[in-house]
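Understanding the architecture of this molecule
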Amino acid sequence: MKLTRMLPASCLLLSLMIPQALLAQKPTGSESPSYYNIGGVLSNNESESHFGTVIAHLNFDQQYVPRGTTYYDKTIRIDKNPIKTALNVCKHLISRRVYAVVVSHEPTGDLSPAAVSYTSGFYQIPVIGISSREAAFSDKNIHVSFLRTVPPYYHQADVWLEILSHFGYTKVIIIHSSDTDGRAVLGRFQTTSQTNYDDIDVRATVESIVEFEPKLDSFSSYLMDMKTAQSRVYLLYASQEDAYVIFRDAAIHNMTEYGHIWIVTEQALSANNTPTGIIGLKLNNAENETDHIKDAIYILASAIKEMTVNETITEAPKDCDDSGAIWESGKRLFGYLKTRNIRGETGQVAFDDNGDRMYAEYDVINVHENHSFVKVGSFHYDSEKRKMRLKINDSSITWPGNTGKKPEGIMIPTHLKVLTIEEKPFVYARKLLDDEIDCADDEVVCPHFNITNGNEQEYCCKGYCIDLLKALAQRINFTYDLALSPDGQFGHYQLKNHTTGIGTTVKKEWNGLIGELVAERADLIVAPLTINPERAEFIEFSKPFKYQGITILEKKPSRSSTLVSFLQPFSNTLWILVMVSVHVVALVLYLLDRFSPFGRFKLSSNDGTEEDALNLSSAIWFAWGVLLNSGIGEGTPRSFSARVLGMVWAGFAMIIVASYTANLAAFLVLERPKTKLTGINDARLRNTMENLTCATVKGSSVDMYFRRQVELSNMYRTMEANNYDTAEQAIQDVKDGKLMAFIWDSSRLEYEASKDCELVTAGELFGRSGYGVGLQKASPWTDAVTLAILDFHESGFMESLDKEWIFHGNVQQCEQFEKTPNTLGLKNMAGVFILVGAGIVGGIGLIIIEVVYKKHQIKKQKKMEIARHAADKWRGTIEKRKTLRASLAMQRQYNVGLNSVSKSVSSSQNAEKTTRYPILPPLPRTPERAWPKDKEYIVNRNKNNSAGKPPPRYMPTYATDVSHLIV
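Residues numbered from 1 in each chain as written. Predicted model: local features only at pLDDT ≥ 70, side-chain atom pairs only at ≥ 80, totals over all residues. Heavy atoms only, no water.

1. Here's the deal with the sheet that holds strand β28 (residues 546-555)
Cut-off, in case you're wondering: Pairing between strands is defined by DSSP: at least two bridges between the two strands are required. Secondary structure elements are defined from DSSP: runs of H or I of at least 4 residues count as helices, runs of E of at least 2 residues count as strands, and each element is numbered from the N terminus.
Within the open sheet, the four strands sit side by side as β29-β30-β28-β31. Their pairing is mixed. Of all strands in the sheet, those bounded by a partner on one side alone are β29 (694-695) and β31 (759-771). Summarising the sheet, β28 and strand β30 (residues 741-745) pair through four bridges and their orientation is antiparallel. What sits directly across from T551, in β30, is W744.

2. Looking at the nonpolar core
What counts, and what does not: In this text, buried Ala, Val, Leu, Ile, Met, Phe, Trp, Tyr and Cys residues form a nonpolar core when linked through side-chain atoms within 4.5 Å. The classification of residues rests on relative accessible area computed with a 1.4 Å probe and restricted to protein chains. Under 20% of the type maximum is buried, over 50% is exposed, and intermediate values are partly exposed. Any two residues whose heavy atoms approach within 4.5 Å are treated as being in contact.
The biggest cluster of nonpolar side chains holds 53 residues, and the ones touching the most others in it are V41, F51, L58, Y71, V101 and L300. Element by element, the count of residues in this core is highest for helix α10 (residues 289-310), at 10 residues. Once residues lying within four places of it in the same chain are set aside, the contact partners of V101 are G39, V41, L93, V116, S120, I125, P126, V127 and I128. One finds L513, I539, Y716 and I731 within the second-largest nonpolar core, a separate group that totals 49 residues.

3. Focus on the state of the cysteines
Where we set the bar: Cysteine sulfur atoms are paired as a disulfide whenever they fall within 2.5 Å.
Applying the stated criterion across every chain, the model contains three disulfides. The disulfide partner of C439 is C460, and the S-S distance across this bridge is 1.8 Å. Looking along the S-S bond of the C439-C460 disulfide, the torsion reads about -85 degrees, which is the left-handed sense. Residue C439 is found in the loop between β18 (428-431) and β19 (444-445), and its partner C460 is found in strand β22 (residues 459-462); the two are separated by 21 residues along the sequence. Between the sulfur atoms of C446 and its disulfide partner C461 the distance amounts to 1.9 Å. Across the disulfide from C446 to C461, rotation about the S-S bond amounts to roughly 85 degrees, and the bridge is consequently right-handed. Taken as a pair, C446 in the loop between β19 and β20 (448-449) and C461 in strand β22 lie far apart in primary sequence, 15 residues in all.

4. Structural notes on the pattern of salt bridges
Heads up, the condition is: The working definition used for a salt bridge is a side-chain nitrogen of Lys or Arg within 4 Å of a carboxyl oxygen of Asp or Glu.
Applying the stated rule across the entire model yields 28 salt bridges. In this structure, R340 engages E306 in a salt bridge whose closest nitrogen and oxygen atoms are separated by 2.3 Å. Highlighted residues: R340 in the loop between α11 (328-338) and β11 (341-344) and E306 in helix α10, separated in sequence by 34 residues. The partner of D703 in a salt bridge is R707, with the nearest N and O atoms 3.2 Å apart. Note that D703 and R707 are positioned in helix α19 (residues 701-708) at a spacing of four residues, about one turn of the helix.

Next up, the structure:
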């Protein structure tokens, strides 16, 4: 809303007639004051007079001043001595209870506004600056209650960005002084560029920063370094004196001619030797102090009016000696002031959080011939869109070199520094041997500079990406120096705090290949560099030269060939049932044949023998023979019932054996194991178990992918501790079985799987992306590289690189290997051979046991025979003794009868003797069992009896032989 115009002079006189006694009047109760004293620290009489006039007119503007409220002015002259200024503020302003202070800027006393700010800020009294533009006043830790109707110098960086966006310049060199304002300009430029310009294709990036000490004598050394940069757009913040030196030396080095663009701030534009074609800025109403006074007073009145509606304003402090008094209403009044947004004499007036003026309007000035300044555009507030807008008339601009043609703003180099990294099959790197002078014809020299120890080693590189680099250099006509990544990594970022002139910001710092490109130590990256959002924010990418994704590499699960592999076709339960069935059937066969009435029968042979029934051992032998399909020679069932069971058992055995044979082929021959995992969605990966390890490469694009995916966060936390430094180490661990799953780019893992048929990729691709050539932001080579890669795709060149470097024809070999059935080896059938060996050992053991047992049995039989012989001998001895006794008794009787009785008596006695002593039957002992001389004795006795000879009376020999046997 437009401020009210000046009221008639009568109103001014009426306001001056108000009794001065009212100045001492205090508000009653809890009501806000009815009058407000506004202090002014101004630079001249005209400003002081205008200050009082504006306040007098303000009292009659009901839009800003409600009824019952009156404003009074109290001004003092600003002093060059800041100490005197501070004392005057206490003596003449604070003592009069001022509610705010408006301060201007003494041209030769830079510290005077700061003294007013320190003094008033100590008591929380708001201070409104109308001419101070230094960056130091933005620090609210020092100037706690200071705000200003003029923008600080470093806000010109916002206009710079709009100008760069208008002309399409995306790479610049910033030249600034090393003071607070110069560094604030740099910080503002970088922060605003990243915050307000989301489109990375149009965002301006700083290629180089040149910081110099104020009060220059020469700038030539800086200019020589600037010539080596690509950018030819220079943004200059410098004082008038320093700008003079810079423009002078730049003209000497021909850096003010065509092809160079200079965009400068207000101070530099005021130099006496500004070259033709320079574009500068000029703040509107920068020196119109009266307009700023009016805007400041009306902003203050607007804030007080709103504050009185919402809360009670306490009276302002009065005594500077009261160091403990902090005016709380002053702190809240300062907050109300920062929320003002009105249309004033100097344009749209608003403030940011630091109390700095927003929506300040600038004129875009172009220096023409004869050092004439021409307005070619403006940076103004658009009330409809409620934002600032840049408008430039391009046709009226004169560029350096006094031409109307807009320069490109960049110098396109033809010799590039290219970086790569060893990653098979895209880049093979080998160290150059001591006896080698140069690399082979298909290789390129690629030195590696070790950032750890500072040593440089010569390497030779070849591969997919090297052939691509050669083709690009030939197609778009550039030369290059190739080098390996200094730290051997693709690059990842870390968040670090950076302190600038306007505060502390968090910035991403990159290492590896990306860090070299961001730091502009390289021009090109030709490597298997995955395109992802994090990297694309800081570097440019060409169109993908190879499309790929992420997959999982694992070792094929080999079937565990244990000693009992031949038992795998059947489960343990089935084997137990078969074993039990054999013996149950054998037992039943034995019982059937045992109790069947037809179990025994005569054979048709003529030997008259009778065959025995089937015994238990023969039944077991028969059952096992049928099951193992071996010949049965004897011991077969003879009864009809047993034979029926035998036929059923034979059918059972045929089914079991056929099933075993079929399953054995399926288990050991035909089946080819594939993968343990089904892909990234496998539950074992999502909820990682202790016996399952997976990993990727630290700081790689795959690592960044897992960081972005919320659903994979649990998996990433587990695998983060297992991540490797290089892909080579991880792949080797997969081969060795130390790592179960390696997650990496599909093209590399497919190459490894085609080279080693024991490796396999699991599941489908995920996180699909592509490999692109990396370039600096706003690189002039981006379009040329992209077009060349598209031509390579259309011509089939990329496909030929795939066949030459990635597949090598090994894919067909692995596919053929997959289709070929496995042959059984010793690992598979070792158990069978061990079983046969166990049978042989068991047989030998049993025969040893049999021999030992038989020997023991023979010894026992011998002992039994000896004992039997001794018993028989003893029995014979007893019988001999009995016989001798009988013979002796008969002999004695015979001798007595011959001497005392006659023949008749002898006959009767013999008859009586016969009756009393009947003739005993023959002894059961056979002659063969008698003693050897017994037989001779009997024969002789028989001869004597037959010859009629009496037995001898005395037989000394015989008596002597048997006398020891008489008991």
